[in-house]
Amino acid sequence: MSHHHDDIFKLHTPDFDQLNKKLDRRAFLTKTSLGLGALAMGSLLGNELFGGTPKAAAGAGGLEADILKALPHFAPKAKRVVYLFMSGGPSQFETFDYKPGLEKLVGQNLPASVRQGQRLTGMSANQSALPIAPSVFKFNQHGKSQTWISELLPHTAKVVDDLCIVKSLYSEAINHDPAITFFQTGNQLPGRPSIGSWISYGLGSDNNNLPTFIVLVSKNGQKDQPLYARLWGNGFLPSKFQGVQFRAGKDPVLFLNNPDGYDGKDRKEMLDYLTKLNQLQNSAYGDPEVDARISQYEMAYRMQTAVPTVMSLKDEPDEVFDLYGPDSRDPGTYAANCILARKLLEKDVKFVQLYHQGWDQHGNLPGAITTQCKATDQATAALITDLKRRGLLEDTLVVWGGEFGRTVYSQGKLTPTDYGRDHHPRCFTMWMAGAGVKAGLSYGETDDFSYNIVKDPVHVHDFQATLLYLMGIDHERLTYKFQGRRFRLTDVAGKVVQGILA
């Protein structure tokens with residue numbers, strides 16, 4: 001190791017404080033290659049790692065400190081969340097919102113009385129007609145609840161009595177990026193904290209060796225719409241609260257492993273002195289990100305031991321792989337990520353989010369949605385079953401859904417076997433299961449065309465308020481002051497959906 005390394009560790013002499021009064025940090029780092037490396041590493045880690053203990057909000061002052069002391073606001077129903085985000089907008093017609101009457105109207109133009117002048121996307125606005133396209137897939141009733149489920153979801157049908165299916169979601173965004181951003185952050189424009197970051201900020205961690213908020217992205221999802229790290233970002237919250245993406249492969253978390261040629265024996269000693277340097281900077285400038293950086297380094301150190309264990313599936317019995325399906329043996333698939341999600345929840349990771357792309361089916365919908373359901377149905381149902389038999393479902397909230405729904409009319413040419421569907425934000429289906437929600441319930445209703453809501457509408461902010469409520473948080477009281485205004489996940493709207501609560 002270079003002589004700069006020795007220079008750094010000489011700073012533990014009794015003259016340490018006096019020396020650093022004479023040598024500001026910028027000059028010091030300019031003269032030390034290891035210091036520059038540490039700063040670069042901190043910059044990288046600052047975007048990927050954070051400390052997740054309840055002390056993570058240290059440095060918050062005034063009302064923010066009082067807010068955090070008061071959390072949770074009431075006894076939580078759920079201790080943890082796993083959010084299965086189906087990116088692209090799954091069609092409610094081919095999954096959960098059964099509309100048998102449409103078969104008599106196939107090919108007819110969508111009535112103006114139903115459309116009610118609602119906005120269309122640029123992809124179908126110039127069509128000469130908006131022909132009604134019934135689903136080509138059969139529906140059957142399942143479970144004690146006798147809930148209608150598509151033949152595309154035979155495994156989900158087996159656990160339908162554990163689900164709370166909400167058919168009356170609606171959004172304000174009609175295009176993917178603002179719609180996903182709205183669901184994840186409460187605002188259509190980038191820059192706000194994600195829902196997992198808000199929970200991390202408010203509730204802290206129950207596991208000191210793993211992040212509070214972890215993200216898994218399917219490697220085999222159809223990449224029709226991009227995903228951005230800002231969807232699980234911290235926005236204006238301190239960087240320690242952002243989501244950490246775990247990946248399949250030898251480096252599950254980027255920049256976590258030691259560099260080649262370094263055995264890491266003195267890592268803890270290095271971190272101790274790096275902490276002293278950071279504390280000096282914090283004393284001089286009062287920058288809250290310094291505390292974030294200190295906790296990031298410490299978390300990274302602990303994660304070097306914890307991550308390889310939790311990411312390994314070698315100890316899972318064949319019965320588990322059989323339950324989740326053949327894809328579960330292939331790391332990085334949606335099915336394998338569902339097993340990892342269960343393992344992370346067992347370790348008391350508070351918020352786990354899976355993203356699976358490929359639900360944006362403007363054409364060839366029957367073929368494309370069959371592929372999507374085959375890739376996700378068995379593993380999704382298996383996760384419910386697995387959590388339930390391990391006693392985790394009773395205090396874990398499972399969420400499934402995308403950013404909006406699809407249109408009743410066909411985008412492009414309608415044939416007896418093929419059609420597409422455009423974006424539709426005015427009504428769509430999601431479901432929840434587990435802690436705090438009524439099992440075997442279908443909530444809300446849409447009209448005969450699944451174009452408008454006729455009973456119990458649920459806005460995106462209502463969904464967010466309800467999720468926070470189940471975690472013991474009053475969505476109106478969890479705020480953060482930024483640029484002179486106190487922000488919250490639900491902005492200035494949202495109400496808890498009492499009708500779905502157990």
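Rules behind the numbers
- Residues numbered from 1 in each chain as written.
- Predicted model: local features only at pLDDT ≥ 70, side-chain atom pairs only at ≥ 80, totals over all residues.
- Heavy atoms only, no water.
- Helix = DSSP H or I, 4+ residues; strand = E, 2+ residues; numbered from the N terminus.
- Buried < 20%, exposed > 50% of the residue type's maximum accessible area, 1.4 Å probe, protein only.
- Contact = heavy atoms within 4.5 Å.
- Phe/Tyr/Trp six-rings, centres within 6.5 Å; stacked < 30°, edge-to-face > 60°.
- Polar contact = N/O pair within 3.5 Å; in protein donor to acceptor, adjacent residues only side chain to side chain.
- Salt bridge = Lys/Arg side-chain N within 4 Å of Asp/Glu carboxyl O.
- Axes fitted to C-alpha atoms, helices over the stretch in contact; angles between N-to-C directions.
- Parallel < 35°, antiparallel > 145°, perpendicular 65-115°, else oblique.
- Nonpolar A, V, L, I, M, F, W, Y, C, P; charged D, E, K, R; others polar.
- pLDDT = per-residue confidence, 0-100.

Quick question: what am I supposed to make of the overall build of the protein chain here?
From N to C terminus, the protein chain includes 15 helices and 17 strands. Counting all 502 residues of the protein chain, 58% fall into the buried class. Once local pairs closer than 6 in sequence are excluded, the contacts in the protein chain between residues at least 24 apart make up 79%.

So what exactly am I meant to see when it comes to the side chain of K167 here?
Looking at where K167 falls in the secondary structure, it is placed in strand β4 (residues 163-170). Leaving out residues up to four positions away in the same chain, K167 has contacts with F96, D97, F428, T429, S442, Y443, G444 and T446.

Quick question: what am I supposed to make of the environment of V320 here?
Mapped onto the fold, V320 is located in helix α12 (residues 318-324). Put simply, V320 and A382 are 62 residues apart on the chain and 8.8 Å apart in space, counted from C-alpha to C-alpha. Leave out the neighbours within four places in its chain, and V320 touches I339, R342, R389 and R390.

Which parts of the structure should I look at to understand helix α9 (residues 195-203)?
Structurally, the α-helix is built with 3.6 residues per turn, so residues lying three or four positions apart point the same way. The buried fraction of α9 is high, at nine of nine residues. Within α9, the full set of buried residues consists of I195, G196, S197, W198, I199, S200, Y201, G202 and L203. Of the residues one or two after α9, G204 is the one with positive phi, at around 70°.

Would you mind going over the packing of aromatic side chains with me for this structure?
The relation between two aromatic rings is expressed through the spacing of the ring centres and the mutual angle of the planes. All told, the structure shown has 22 aromatic pairs when counted by the stated rule. The interplanar angle of 85° and the centroid separation of 6.3 Å between the aromatic rings of W359 and W400 together place this pair among those described as edge-to-face. Highlighted residues: W359 in the loop between β7 (351-356) and α14 (365-389) and W400 in strand β8 (residues 396-401), separated in sequence by 41 residues. Across the pair, W400 and W359 agree in class, each one buried. Within the aromatic cluster, the residues linked to one another by ring pairs are Y83, F85, F183, W232, Y355, F428 and F463.

Is there a simple way to explain the environment of T490 in this structure?
Mapped onto the fold, T490 is located in the segment after β17 (485-487). C-alpha separation for the pair T490 and F463, spaced 27 residues apart in sequence, amounts to 9.3 Å. Not counting residues within four places of it along the chain, the set of residues in contact with T490 comprises H461, Q464, A465 and H475. For T490, the side chain forms a polar contact with the side chain of R488, separated by 2.8 Å.

Quick question: what am I supposed to make of unusual backbone geometry here?
A cis amide bond links L71 to the next residue, P72, at an omega of -10°. With respect to the secondary-structure elements, P72 resides in the loop between α5 (62-69) and β1 (80-86). The phi dihedral of Q146 is positive, around 55°, even though this residue is not glycine. Mapped onto the elements of the fold, Q146 is located in the loop between β2 (139-142) and β3 (147-150). At D348, a residue that is not glycine, the phi angle is positive and equals roughly 65°.

Even after reading the chapter, I still don't get the pattern of salt bridges, so can you show me in this structure?
Opposite charge on two side chains makes pairing possible when the charged atoms of those side chains draw close. This model, assessed by the stated rule, comprises 21 salt bridges. With a closest N to O distance of 2.7 Å, K219 and D330 form a salt bridge. Here the residue K219 occupies a position in the loop between β5 (213-217) and β6 (244-246), and D330 occupies one in the loop between α12 and α13 (334-346), the gap between them amounting to 111 residues. With a relative accessible area of 46%, K219 lands in the partly exposed category. Taking the shortest distance from any N to any O, the salt bridge between R389 and D386 comes out at 3.0 Å. Taken together, the residues span about one helical turn, with R389 and D386 both in helix α14 at a distance of three residues. Assessed through its relative accessible area of 42%, R389 is described here as partly exposed. Beyond isolated ion pairs, a larger network of salt bridges with shared partners links E316, E319, R342, E346, D386, R389 and R390.

Would you take a moment to explain the packing of helix α8 (residues 176-185) against helix α15 (residues 460-470) for this structure?
Relative placement of two packed helices is described by the angle separating their axes and the distance separating the axes. With their axes 9 Å apart at the nearest point, α8 and α15 run at an angle of 30° to one another. Relative to α15, the element α8 lies roughly parallel. Between α8 and α15, the contacting residues are F182, F183 and T185 on the first element and V460, H461, F463 and Q464 on the second. Classifying every residue of the contact of α8 with α15 by side-chain character gives four nonpolar, three polar and no charged.

Help me out: how do you make sense of the confidence of the model for the protein chain in this one?
Any region with low pLDDT has predicted coordinates that should not be read closely. The pLDDT averaged across the protein chain works out to 86; a share of 81% of its residues lies at or above 70. Across residues 1-23, confidence stays below pLDDT 50; counting only partners more than four residues off in sequence or on other chains, it has 24 contacts. This model gives residues 27-59 a pLDDT under 50, and the stretch forms 79 contacts once residues within four places in sequence are excluded.

Help me understand α8, please; the structure alone is not making it clear to me.
When you tally the buried positions in α8, you get eight out of ten residues, the bulk of the element. Along α8, the residues that are buried comprise H176, A179, I180, T181, F182, F183, Q184 and T185. Downstream of α8 by one or two residues, G186 has phi in the positive range, about 85°.

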